[in-house]
Amino acid sequence: MALKVLSALDTAKTQYYHFKAIIIAGMGLFTDAYDLFCIPPIMKLIGRIYYENEPPDYQYEIPAFVISLLVGLSLLGTAIGQIVFGHLGDRIGRRRVYGLSLILMVVSSIGCGFSICRTRNCVLATLGFFRFMLGIGIGGDYPLSATIMSEFANKGTRGSFIAAVFSMQGFGILVSSTVTMAVCSAFNKASKVVKNHTPEEADLAWRLILMFGAVPAVMTYYWRIMMPETARYTALVEQNVMQAAKDMEKVFDVSMSQIAEDYEIPPTPPSYPLFSKRFFRRHGRDLFSCATTWFLLDVVFYSSNLFQSQIYKNYLSQKDHVNAYQEAFEVARVQAIVAVCSTIPGYWATVACIDRIGRVRIQIMGFIFMAIGLLAIGVPYYSTWYDKGKNVGFMLLYGLTFFFANFGPNTTTFIVPAELFPARFRSTCHGISGAAGKVGAIIGSVGFLWASHKKKEKWYPKAIGMRYSLVILAGVCLLGAVVTYFFTRETKGKSLEENENEDEINDQVLLTGRIVQSHSSITEGEAA
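Conventions we followed
- Residues numbered from 1 in each chain as written.
- Predicted model: local features only at pLDDT ≥ 70, side-chain atom pairs only at ≥ 80, totals over all residues.
- Heavy atoms only, no water.
- Disulfide = S-S within 2.5 Å.
- Buried < 20%, exposed > 50% of the residue type's maximum accessible area, 1.4 Å probe, protein only.
- Axes fitted to C-alpha atoms, helices over the stretch in contact; angles between N-to-C directions.
- Helix = DSSP H or I, 4+ residues; strand = E, 2+ residues; numbered from the N terminus.
- Parallel < 35°, antiparallel > 145°, perpendicular 65-115°, else oblique.
- Nonpolar A, V, L, I, M, F, W, Y, C, P; charged D, E, K, R; others polar.
- Patch = residues over 30% accessible without salt bridge, like charges linked within 9 Å, V, L, I, M, F, W, Y side chains within 5 Å.
- Areas by Shrake-Rupley, 256 points an atom, 1.4 Å probe, with all protein chains shown as cover.
- Salt bridge = Lys/Arg side-chain N within 4 Å of Asp/Glu carboxyl O.
- Left-handed = near helix turned anticlockwise from the far one by under 90°.
- Contact = heavy atoms within 4.5 Å.
- Phe/Tyr/Trp six-rings, centres within 6.5 Å; stacked < 30°, edge-to-face > 60°.
- Core = buried A, V, L, I, M, F, W, Y, C linked by side-chain atoms within 4.5 Å.
- Expected span 1.5 Å × (residues − 1).
- Bend = angle between axes of the 7 residues up to and from the residue.

A.B. asks: Explain the state of the cysteines to me, please; I cannot follow it from the model alone.
C.D. replies: Disulfides are covalent bonds that link the sulfur atoms of two cysteine residues. Across all of its chains, the model carries one disulfide by this definition. You can see Cys-290 has no disulfide; the closest cysteine sulfur is in Cys-429, sitting 8.3 Å from it. Classification of Cys-290 as buried rests on a relative accessible area of 4%.

Below is the structure:
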C-alpha cells in the first residue's frame, strides 16, 4: 500500500511541469556537451596561436601529451563531481545542491575563457585548472538531473522523460558547433588574415566560444533554485509526507485531498546503511551492472577521437591552405553534420522507443550494433579505409556506430541507475556508476589514442595500431551486451519503489499494513 503522494506521481498525466523539468535538468547536460565538443576546434585555434613558431612538422599542432592531460583533467573532475554531488544529493537533498553545481559550471566556463594570461604555458595550465573545475560541476549535474527527473516523472513515461533530459547533449553539440562557426566567420571577415600567420585577435575568439557555454546555464539558474524538493526525497528520506504533498500540489495539477494521507505516518529509521552487507546483498548486483556497463560504454564512446584523425585528414583542408579561423570552422562543421545526421536522431529514437521496447533490449541492441560497426571499420582498416581519400562508406559506418551508441547504451546507462536504487541511495549510486564511466572515458580517450599508432609518429610511440584498437573496442561492446543480458534488470513500466529489491518492498508493505491496521483499530475503538 504505497503513499498517496507517490501513487499520484506514478499515475499523473503528462503536464506542463514535466516539460519545464526536462529543460531545467537538461541544461546541465547541454553545457556538458557544449564544453566537450567545442574543444576540438578550439585546440586548432590554440595550436595556431601558441605553436606558430615550431618546426614545420610540428607547426600549429598541440603536443599529444598536452591534449591528453587537458582531456584527462576534465574527465577526472567529472568523476569526482559525480561522486561528491551524488552523495550530497542523498545527504542534504537534490534541490539544495542542484544550484551549486550550476554555479560551478558557470564560473568555470567563464574562467576557461579568461585563462588569466597570454603566455603558452600559463594559458594551458590555467585552462587545465578551469576545465578540471568545470568537470566537477558537470559531473555533479549528472546524478542530480537524472534523479530529479526520475522522481518527478510518472512510471509510464519516466524513461522518455529522462532520455529527453539526456538528449539535450545533442543540442549542446549542435549549438557548440554553430557558435564556433559563427565566431570564426565573424572574426575571419573582420580581420585581415593571411594563411601563414595568425592574428592576435584569434586569442579572443576561442575565449568567447568557451564563455558562451555559460549562457544557457545562467538562463536556468532561477528555475533551479525555485524548484521544490522532489516529493519522493521529502517523503521517503526526510520522512515528511505532508510537506511532500504540499510541494507536489504547487507544481502539479492535483488537489491536496487526493494526495494527503488520512493519518499521520510515524518516521522510521533507515534499516541499513550504504555499503553494508545488507546493501550489497540487495543492491550489489544492480550497482555492479550499472557501473560496469557505463564503464565499458565510455571506453568505446570516448575513443571517438581515434576516428577524428581519419575524418579530418580526408574532409578538412590542409593546414597550409587555410587560416586559423577556416580550420576551426571546418572542424566545427564536421561535428555539426555528424550531430544532425547521427547523434541527435539516436537520442530521440531512444526517447520515442524506450518505454515500449525497454531499457535492457535497447542497451543490448546498441552494444551489438556498435560492435558490428567497429569491426566493419577495424578489420579492413588499412586495406579499405586508411589513406583512401573521401569515403562515403567510412562516414556511413562512423555515423551508424554513434547512432546506435545514443539509441543504445550511451542513453540507457544514464537512465537505469536513476531507477533501480532506494531514494536514500539513488543519487549516490548514480554518481558511482557515472564515475566508473568516466574512468572508462579516460582509458578510451587517452589510452586508446596512444595505442592506436602502428608506427612511431611525431609524439606517439609505436603501439598496436588502429586495426587492433578497433577490434578490441568491438570486443568491449560485446562484453557490455553480455553484462547487460545477465545482470541488468528491466525497469520499464514499474514505479521506482517497485524497482527496488523485493524484500525492501515487502518490508514497506508490512510496515504500512501495520500502520493502517493500527489506525483502523483506534477508529473502531473510538466509535465503540
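A.B. asks: Is there a simple way to explain the packing of helix 4 (residues 64-91) against helix 22 (residues 426-451) in this structure?
C.D. replies: The description of two packed helices rests on the angle between their axes and on the distance between the axes. The geometry of helix 4 relative to helix 22 is characterised by a closest axis approach of 7 Å and an angle of 175° between their N-to-C directions. On the basis of the axis angle, helix 4 is roughly antiparallel to helix 22. Among the residues making up the contact of helix 4 with helix 22, the classes are represented as 14 nonpolar, twelve polar and three charged.

A.B. asks: Explain a nonpolar patch on the surface here, please?
C.D. replies: A grouping of Ile-23, Ile-103, Val-107, Tyr-221, Tyr-222, Trp-223, Ile-225 and Met-226 is seen on the molecular surface, where their side chains present a nonpolar patch of about 720 Å² in accessible area. Contributions of two or more residues to the nonpolar patch are made by helix 5 (94-114) and helix 10 (221-226). When residues of the nonpolar patch are assigned to their parent elements, the largest contribution, five residues, is made by helix 10.

A.B. asks: Mind showing me how you'd approach the pattern of salt bridges here?
C.D. replies: Between side chains of opposite charge, a pair can form as their charged atoms come close. The tally for this structure, following the rule as stated, stands at 18 salt bridges. Glu-54 is the partner of Arg-120 in a salt bridge, and the nearest nitrogen-oxygen pair spans 3.1 Å. Here the residue Arg-120 occupies a position in helix 6 (residues 120-152), and Glu-54 occupies one in the loop between helix 3 (39-50) and helix 4, the gap between them amounting to 66 residues. Given a relative accessible area of 30%, Arg-120 falls into the partly exposed group. Two residues, Glu-419 and Arg-359, come together in a salt bridge whose shortest N-O distance is 2.6 Å. Of this pair, Glu-419 sits in helix 21 (residues 417-420) while Arg-359 sits in helix 17 (residues 359-378), placing them 60 residues apart in sequence. In the salt-bridge network here, residues are joined through shared partners; they are Asp-90, Arg-94, Glu-151, Arg-426 and Glu-500.

A.B. asks: Teacher, can you tell me more about the packing of helix 17 against helix 19 (residues 392-406) here?
C.D. replies: It is at 8 Å that the axes of helix 17 and helix 19 come closest, and there the two elements cross at 160°. Classified by the angle between their axes, helix 17 and helix 19 sit roughly antiparallel to one another. Note that helix 17 runs across helix 19; the crossing there is left-handed. The residues of helix 19 that touch helix 17, namely those facing Met-365, Gly-366, Phe-369, Met-370, Gly-373, Leu-374, Ala-376 and Ile-377, are Phe-394, Leu-397, Tyr-398, Thr-401, Phe-404 and Ala-405.

A.B. asks: What is the right way to read the packing of aromatic side chains from this model?
C.D. replies: The geometry of two aromatic rings is summed up by the distance between their centres and the angle between their planes. Enumeration over the complete set of coordinates arrives at 27 aromatic pairs. Relative to Phe-152, the ring of Tyr-17 lies with its centre 5.3 Å away and its plane at 70°, an arrangement referred to as edge-to-face. With Tyr-17 in helix 2 (residues 16-37) and Phe-152 in helix 6, this pair connects stretches of sequence that are 135 residues apart. Residues Tyr-17 and Phe-152 agree in their burial class; the two are buried. Residues Phe-275 and Phe-280 carry aromatic rings whose centres are separated by 5.8 Å and whose planes lie at 15° to one another, so their mutual orientation is stacked.

A.B. asks: Please explain unusual backbone geometry as it appears in this structure.
C.D. replies: The phi torsion of most residues other than glycine is negative, and most of the peptide bonds are trans. One non-glycine residue with positive phi stands out, namely Tyr-60, at about 70°. Relative to the elements of secondary structure, Tyr-60 occurs in the loop between helix 3 and helix 4. At Phe-275, a residue that is not glycine, the phi angle is positive and equals roughly 65°. Note on placement: Phe-275 falls in the loop between helix 13 (256-259) and helix 14 (277-301). Classification of Phe-275 by relative accessible area gives partly exposed; the value is 44%.

A.B. asks: I would appreciate a short explanation of the nonpolar core in the present structure.
C.D. replies: Most often, soluble globular proteins keep nonpolar side chains buried together rather than apart. Formed by 94 residues in total, the largest nonpolar core has its most connected members in Val-5, Met-248, Phe-252 and Phe-414. Residue contributions to this core peak at ten residues, all from helix 6. Not counting the four nearest positions on each side in its chain, Met-248 is found in contact with Val-5, Ala-8, Leu-9, Val-254 and Ile-259. One finds Leu-45, Ile-62, Val-66 and Ala-324 within the second-largest nonpolar core, a separate group that totals 29 residues.

A.B. asks: What exactly am I supposed to notice about helix 7 (residues 158-190) here?
C.D. replies: Residue pairs three or four apart in sequence face the same way in an α-helix, which turns once every 3.6 residues. Its 33 residues place the ends of helix 7 48 Å apart at the C-alpha level, agreeing with the 48 Å of an ideal helix rising 1.5 Å per residue. In the structure, helix 7 departs most strongly from a straight axis at Val-165, where the bend amounts to approximately 30°.

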